[in-house]
Amino acid sequence: MAKKYAALLRGINVGGSKKVPMAELRSVLEGLGHGDVQTYLQSGNAVFSSAKEDPKALARELEAAIEAHFGFRVACLVVDGAYLSAVAEACPFPAAELEGKQLHATFFSEQPGPERFAALDQAAYLPEEYRLGDRVLYLYAPNGMGRSKLGEALAKPAVVKGIDVTTRNWNTVVKLVELTGA
């Protein structure tokens, strides 16, 4: 039985580098044998169905196919609809009361240990806040990610080195939950 997945590509179509047209991304996914392929926005979100059960293997397969097709490596995280739904349900912030640009989810390829965050003094960044979840970090940035000092601190190598990460605003998370049918 096919399962619905979301592929989250990191750092494409930003500032003129790593151009990945969504039509070509859909073709790459279809070429890998996936069905029901859709893309959402231009920032590297794709939804597809697959009988394969291993999201990490699906991510590695997609990374290799993108590199073969486009000539550059793109970190990909693949998550299933049930996981996305659980991420949305577990949000520690009042998502329904916030604008989508104020709340973000940073997805990790593996669970980061608390030592990665030990040097961050959360009080120094208030009113911005973050909370860790299951392979996800929820970031409340009332003035948006572009102005977020905490978002900047959370992206430093001490926090993310050796882990593939990619961030989506809450509107995108909600839409991906909807598209994966969870």
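Everything numeric here is computed off the predicted structure, so don't read it as measured data.

Cut-offs used in this document
- Residues numbered from 1 in each chain as written.
- Predicted model: local features only at pLDDT ≥ 70, side-chain atom pairs only at ≥ 80, totals over all residues.
- Heavy atoms only, no water.
- Axes fitted to C-alpha atoms, helices over the stretch in contact; angles between N-to-C directions.
- Helix = DSSP H or I, 4+ residues; strand = E, 2+ residues; numbered from the N terminus.
- Parallel < 35°, antiparallel > 145°, perpendicular 65-115°, else oblique.
- Left-handed = near helix turned anticlockwise from the far one by under 90°.
- Contact = heavy atoms within 4.5 Å.
- Nonpolar A, V, L, I, M, F, W, Y, C, P; charged D, E, K, R; others polar.
- Buried < 20%, exposed > 50% of the residue type's maximum accessible area, 1.4 Å probe, protein only.
- Pairing = 2+ DSSP bridges.
- Phe/Tyr/Trp six-rings, centres within 6.5 Å; stacked < 30°, edge-to-face > 60°.
- Lys NZ or Arg CZ within 6 Å of the ring centre and 35° of its normal.

**Student:** How should the packing of helix α1 (residues 22–31) against helix α2 (residues 55–70) be read in this particular structure?
**Tutor:** In a pair of packed helices, the angle between the axes and the distance between the axes together describe the arrangement. Look at α1 against α2: their axes get within 10 Å of each other, and the N-to-C directions meet at 125°. Judged by the angle between their axes, α1 and α2 are oblique. Considering how the two elements wind past one another, α1 and α2 form a crossing that is right-handed. On α2, the residues touching E24, L25, V28 and L29 of α1 are L62, A65, I66, H69 and F70. Of the residues assigned to the contact of α1 with α2, the class counts are 7 nonpolar, 1 polar and 1 charged.

**Student:** Looking at this structure, how should I read the pairing of strand β3 (residues 45–50)?
**Tutor:** Counting buried residues in β3 gives 6 out of 6 residues, a clear majority hidden from the surface. Both strand β1 (residues 3–9) and β3 contribute to a ladder of 6 bridges, which runs antiparallel. Directly across from A7, in β3, lies its bridge partner A46. Following strand β2 (residues 35–40), the chain reverses through 4 residues before pairing antiparallel with β3; L41 in that reversal takes a positive phi of roughly 60°.

**Student:** Where do I start with the sheet that holds strand β4 (residues 76–80) in this structure?
**Tutor:** Either a parallel or an antiparallel arrangement is found when strands of a sheet pair, and the pairing is made through backbone hydrogen bonds. Read from one edge to the other, the open sheet built from 4 strands follows the order β2-β3-β1-β4, with strand pairing classed as antiparallel. The open sheet has two free edges, formed respectively by β2 and β4, since each of these has just one partner strand. Neighbour to neighbour, the strand axes of the sheet diverge by 20° on average, direction disregarded. Running over the sheet, α1 touches β1, β2 and β3 and is turned about 155° from β2. Here helix α3 (residues 81–89) sits on the sheet and contacts β1 and β4; the angle it forms with β4, its principal contact strand, is near 85°.

**Student:** How should I be thinking about the environment of L98 in this particular structure?
**Tutor:** On the secondary structure map, L98 appears in the loop between α3 and β5 (103–108). Spatially, the C-alpha atoms of L98 and P142 are 8.5 Å apart, while their sequence positions differ by 44 residues. Not counting the four nearest positions on each side in its chain, L98 is found in contact with F93, L103 and Y140.

**Student:** Whenever I open this one, the side chain of E63 confuses me. Can you help?
**Tutor:** Along the chain, the position of E63 falls in helix α2. Here E63 falls in the buried class, since its relative accessible area comes to 12%.

**Student:** What's the story with the packing of aromatic side chains in this structure? I'm lost.
**Tutor:** By convention here, two paired aromatic rings are described through the distance between centres and the angle between planes. The tally for this structure, following the rule as stated, stands at 6 aromatic pairs. On the numbers, 5.7 Å between centres and 25° between planes, the contact of Y5 with F48 is stacked. With Y5 in strand β1 and F48 in strand β3, the pair connects residues that are 43 residues apart, well separated along the chain. Their ring planes at 35° and their centres at 5.5 Å tell us that F117 and Y130 sit as a pair that is tilted. With F117 in the loop between β5 and β6 (129–132) and Y130 in strand β6, this pair connects stretches of sequence that are 13 residues apart. Under the relative-accessibility criterion, Y130 is labelled buried at 8%. Stacked on the ring of Y83, the Lys or Arg R135 has its end atom at 4.3 Å from the ring centre.

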